[in-house]
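Residue-level listing of the chains:
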Amino acid sequence: MDKPAEDKTKYRKPTVKEGADFIEMCITREYKFSCIAFWRRLYGDELADQIMNELRARKRKGKKENDK
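What you see is a predicted model, and the numbers here were worked out from it, not measured in a lab.

How should the packing of aromatic side chains be read in this particular structure?
The final tally for this structure, using the stated rule, is two aromatic pairs. Following the ring pairs from residue to residue traces out a cluster consisting of Phe-22, Tyr-31 and Trp-39.

Quick look at the structure:
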């Protein structure tokens, strides 16, 4: 990504659920962080933080279910 993505009309802003689902499907850790950084530049900190919080909540929920 040479240029910052200034043309928001090319992309549709993902919902928090869509973003979290996509990140969970990513194979490498580097690609996950790259996607979050891209969304942070394109859509702002709020969306990126919400997606990260959703992923943390899913991880906690998964651990609780495995402990049962």
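What should I look at first to understand a nonpolar patch on the surface in this one?
Together, Phe-22, Met-25 and Tyr-31 make up a nonpolar patch on the protein surface, roughly 330 Å² of accessible area in all. Of note, Tyr-31 is situated in helix α2 (residues 29-43).

Please clarify how the layout of surface pockets should be interpreted in this entry.
The probe, sized like a water molecule, is rolled over the atoms to show the empty space still left. What the largest pocket holds in volume is close to 340 Å³. Listing elements by their share of the lining of the largest pocket, those giving two or more residues are α1 (16-25), α2 and α3 (45-67). For the lining of the largest pocket, the leading source of residues is α3, giving five residues. Split by residue class, the lining of the largest pocket holds five nonpolar, no polar and six charged. Take the lining of the second largest pocket: its biggest share by element is six residues, from α2.

Criteria and cut-off values
Each chain carries its own residue numbering, running from 1 in the written order of its sequence. Only residues with pLDDT of at least 70 get local features here, since the model is predicted, and only at 80 or more are side-chain atom pairs given and counted; chain-wide, interface and lining totals rely on the full set of residues. Only hydrogens and water are set aside; all other atoms, that is, all heavy atoms of the structure, feed into the side-chain values. When the centres of two rings from Phe, Tyr and Trp lie within 6.5 Å, Trp using its six-membered ring, the rings pair. Their planes under 30 degrees apart give stacked, over 60 give edge-to-face, and anything left gives tilted. Each patch is built from residues that are more than 30% exposed by relative accessible area and take part in no salt bridge. Like charges join if they lie within 9 Å; nonpolar side chains (Val, Leu, Ile, Met, Phe, Trp, Tyr) join within 5 Å. All accessible areas in this document rest on Shrake-Rupley with a 1.4 Å probe, and a residue is counted as covered only by the protein chains that are shown. By definition, a salt bridge exists where a carboxyl oxygen of Asp or Glu is found within 4 Å of a side-chain nitrogen of Lys or Arg. The numbering of helices and of strands both runs from the N terminus, where a helix is a DSSP run of H or I of at least 4 residues and a strand a run of E of at least 2. Residues are said to line a cavity or pocket when one of their atoms sits within 4 Å of a point; the points come from a 1 Å grid over protein atoms alone, cavities being sets where a 1.4 Å probe fits but cannot get out and pockets being open sets with protein on both sides within 12 Å along at least five of seven lines. Grid points are joined across faces, edges and corners, and a volume is the space filled by probe spheres set on the points. Three classes are used, and their members are as follows: Ala, Val, Leu, Ile, Met, Phe, Trp, Tyr, Cys and Pro are nonpolar, Asp, Glu, Lys and Arg are charged, and the others, Gly among them, are polar.

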